[in-house]
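# Structural description and commentary
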Amino acid sequence: MTRSAQWLYGWLLLLPAAVLLALFTHYPAVATLWHSFRSTPRGSRASTFVGVDNYAQLVDDPIFWQSLTNNLWFAIGTIPLSITLALLMAVWVNGRIAGRGFLRLAYFTPTVLPMIAVANIWLFFYTPEYGLLEQITGAFGMPAHNWLGSKNSALAALMVVTVWKEAGFFMIFYLAALQQMSPQLAEAAAIEGASRAYFFRRVTLPLLMPTTLFVLVNAVINAFRLVDHVVVMTRGGPDNATELLLYYIYEIGFRFWDSAYAAALTMVLLLLLGVVALLQFWFLERKVHYQ
Amino acid sequence: MTALSLPALPPPLRTVLRAIVLALFAFAIFGPLLNLLLWAFAERWYFPNKLPLEFGLTFWYRVFQPRGNALASLGTSVWIAVLTVALSLAVAVPAGYALGRLKLPWRSAILLLFLLPQAVPNLPVYVNIAQVFYQIGLNGTILGVVLVHASHGLVLAVWIASAAFASVDVSLEEASRNLGASPWTCFRTVTLPLAAPGLIASAIFVFLESLDEFTGTYFVGVPDVTTLPLLMFNASMGGNYQIASITALLLLIPSIGFMLVVERFLKADVLAMVGR
C-alpha cells in the first residue's frame, strides 16, 4: 500500500466516528462559545450580540466566585487522595496476599456503580439520626451531626463520595501498569540491597509516571465535570456550600433559564480545564519516562 | 510487595494494625452498600428507630408487578445500551484501527480531537443537543438517547480500540500477508481476533456507560424515555427510598456481572497502552 493510499484509507476509516463526534460534541461546544456573546432570547425579544456583557456580569457574581472556590477545594480534596489511595490499593492487591480476588472485587464495586446510584447510597448512609454512619459514630459516643445539612461538612461529605467512587477506577490502571513491570527489576534491586521503600520511590514510582499522568488528567477533569452527586445529595446547599461550577451552570441554565449567562460560565469552565491540562502536560512531560 | 507491611513493628502489633486497616477499608467500601440493602428490604422505617421496624418484600412485589414501570424501564435501558454498543463499535473499530495501526499525518492532533470530548463537561453539550433535537423531533425518542449515549461512549471505545490494535504484534500480520492472505482476510483472521479482548472490553464499558448514564437521558429523553437511572432519580426525589434502593440494586447486578467479565477480557497489556 502506498503512503497516500494508506492516508486515504485512514481518513475514510476515521470519517464515521469523526462525523458523529463533530455533530454531537464538537459542534455543541462551539455553539456555546457563540451563545456566550449573545443575549438570552426572551419571549418576543430575539437574541442579540452583546459582546462581553455576559462575562462582565460574571465578575460581579458572588455565587460564581463561591462555586469556583468550592470547586478548587473539591479538586484539592479529592485528586491527591484518590490517586494515593488508588496507588496503595494497586500495590497491595498486586502482591500475594490471602483473599486477593475478593479484595479486587471490593475495590471495583464502587467504580462500576453509576454515579447516580452512588449518590443515592451515600444519601442513605449520611441520613441524619438514623443513617448507618450516624448510628456508628453514635455508638462510639460522638455527637450527632448532619453531614450533608451543615455548612462546614457538606462539601467534605461530597468529597468522600467522589474518592470512594474514583479510587477503584484509577486503581485498575495502576494495577495494569504494575503487572507490566518486569519482576527482574525487583530482583536486581534486592540483590543490590535496596530497601523496598527505596525501590518503590526510585524505580516503581518513576516507571508509573505515564499512568499517573493519565490518571491525574482524568481526576482533574472529573473534579470539574461530575455533577450527579450534587443534584441528588445537596442541590448546591446548604447556603451554597456545595455549589460546584457545573451545578451552578445547570441552575443558571435550567432553573433561571438564562442560557447566555450559562454559556459564558461554561466557557470559563472550559478555559479553566484547558489551562489545567496544559499546565499538567508542561510540568509533567519532563518527569514522565516512557519505558 | 505490600506497602502496608511495617517492618519496624513487632509481628503481633503488625497483624493487629493490618486487621484494623482492612476492617476500615471494608467498612468504607461496604458500609454504604449495607445501608442500601437495609432500605431495599425495609417495610417501615422512620426516625428514631435504629433499624427498620419491619422487613419484607412488599416493595419488591410492587417493583416487579406486571404493571410496574421498573421492568419497562429495565427493558428500555437494556435496549438503548445494546443499540449504543452496536453504533459505537461500528464506528469505533475502524477509527481505532486507523489510529492504532496506520501511520497517519497529524495522528496526535486527531487523537486529541477524539479525546477532547472527554474533557468537555457533558452538561452544556447536552443542553445544546437537546435544543437541536427538539427542533428536529428527536427529543424524547430512543434514537435521540442512543445518539447521545453513542457519541459519549464512542470516545472511550475509540481509545480502547486503538490501544487494542496497537498492542497486536505487526509481525503476525506481516507473516499472514507473506503467506498470501488478502488484507481483508488478514484483518478478519489475524488482527481482529487478537484485538478482540480489548474490543469486547470496550463494548462492555460502553454498555455500562449507557446503562448508567443519567444526565444526557435526563435532558434528551424526558419525559417519554424512562431508563432505570431516571426511574431511580424520580423515586429518590419523591422520597420513595425503598423503590430507589431496589432500582439501585437492579443497576448493580449488570455492573458487577460485567465487571467479572471485564477482568477476564481486559488484559493488562491493553490497559497499559491506554493514554500512550
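Report on the accompanying structure.

Procedures and definitions
- Residues numbered from 1 in each chain as written.
- Chains lettered and ligands numbered in written order.
- Predicted model: local features only at pLDDT ≥ 70, side-chain atom pairs only at ≥ 80, totals over all residues.
- Heavy atoms only, no water.
- Helix = DSSP H or I, 4+ residues; strand = E, 2+ residues; numbered from the N terminus.
- Buried < 20%, exposed > 50% of the residue type's maximum accessible area, 1.4 Å probe, protein only.
- Areas by Shrake-Rupley, 256 points an atom, 1.4 Å probe, with all protein chains shown as cover.
- Axes fitted to C-alpha atoms, helices over the stretch in contact; angles between N-to-C directions.
- Left-handed = near helix turned anticlockwise from the far one by under 90°.
- Contact = heavy atoms within 4.5 Å.
- Nonpolar A, V, L, I, M, F, W, Y, C, P; charged D, E, K, R; others polar.
- 1 Å grid on protein atoms, 1.4 Å probe; cavity = no way out; pocket = protein on both sides within 12 Å on 5 of 7 lines; lining within 4 Å.
- Points joined across faces, edges and corners; volume = space filled by probe spheres on them.
- Salt bridge = Lys/Arg side-chain N within 4 Å of Asp/Glu carboxyl O.
- Polar contact = N/O pair within 3.5 Å; in protein donor to acceptor, adjacent residues only side chain to side chain.
- Core = buried A, V, L, I, M, F, W, Y, C linked by side-chain atoms within 4.5 Å.
- Domains from an automatic or database assignment.

### A closer look at the overall build of chain A
Helix and strand counts for chain A stand at 13 helices and zero strands. For the C-alpha atoms alone, the extent of chain A along its principal axes is close to 80 × 75 × 30 Å. Evaluated residue by residue, chain A yields a buried proportion of 53% over its 291 residues. Accessible surface for chain A amounts to roughly 13,900 Å². Of this, 67% is attributable to carbon and sulfur atoms.

### Overview of unusual backbone geometry
In most cases, non-glycine residues show a negative phi, while peptide bonds are predominantly trans. Residue and element names in this part refer to chain A. With a phi angle near 50 degrees, Asp239 is a residue other than glycine that sits in the positive phi range. As for its position among the elements, Asp239 is in the loop between α11 (228–233) and α12 (245–254). We note that Asn240 has phi near 60 degrees; this positive angle belongs to a residue other than glycine. On the secondary structure map, Asn240 appears in the loop between α11 and α12. Asn240 sits in the partly exposed class, given a relative accessible area of 23%.

### Side note on the packing of helix α3 (residues 62–94) of chain A against helix α10 (residues 209–225) of chain A
All names here are of chain A. The interhelical angle for the contact between α3 and α10, taken along N-to-C directions, is 145 degrees, at an axis separation of 9 Å. By crossing handedness, the relation of α3 to α10 is classed as right-handed. Mapping the contact onto sequence places Asn71, Leu72, Phe74, Ala75, Thr78, Ile79 and Ile83 in α3 and Val215, Leu216, Ala219, Val220, Ala223 and Phe224 in α10. Taken together, the residues that form the contact of α3 with α10 break down as 11 nonpolar, two polar and no charged.

### A short note on empty space enclosed by the protein
Per the stated rule, a full pass over the model turns up two cavities of 30 Å³ or more. Taken as a whole, the largest cavity spans an internal volume of roughly 100 Å³. As for the largest cavity, its lining consists of 14 residues, of which Thr25 of chain A together with Pro117, Asn122, Ser151 and His152 of chain B are closest to the centre. For the lining of the largest cavity, the elements supplying multiple residues, two or more each, are α1 (3–35) of chain A together with α4 (107–119), α5 (122–136) and α6 (142–166) of chain B.

### Concerning the interface of chain B and chain A
Taken together, the 89 residues of chain B in the interface contact 79 residues of chain A. Viewed at the interface, chain A and chain B are joined by zero salt bridges. The interface formed by chain B and chain A contains one residue pair in polar contact (both at pLDDT 80 or more). Sorting elements by how many residues they give to the side of chain B that touches chain A places helix α1 (residues 11–40) of chain B first, with 13 residues.

### So, the nonpolar core
Core analysis: the biggest nonpolar cluster contains 163 residues, and Phe64, Tyr107, Trp122 and Met233 of chain A have the highest contact counts within it. Summarising the domain contributions, this core has at least three residues from each of domain 1 (2–56) and domain 2 (69–271) of chain B. The contact partners of Tyr107 of chain A, leaving out residues within four places of it in the chain, are Met89, Trp92, Val93, Gly168 and Met171 of chain A together with Phe25 and Ile29 of chain B.

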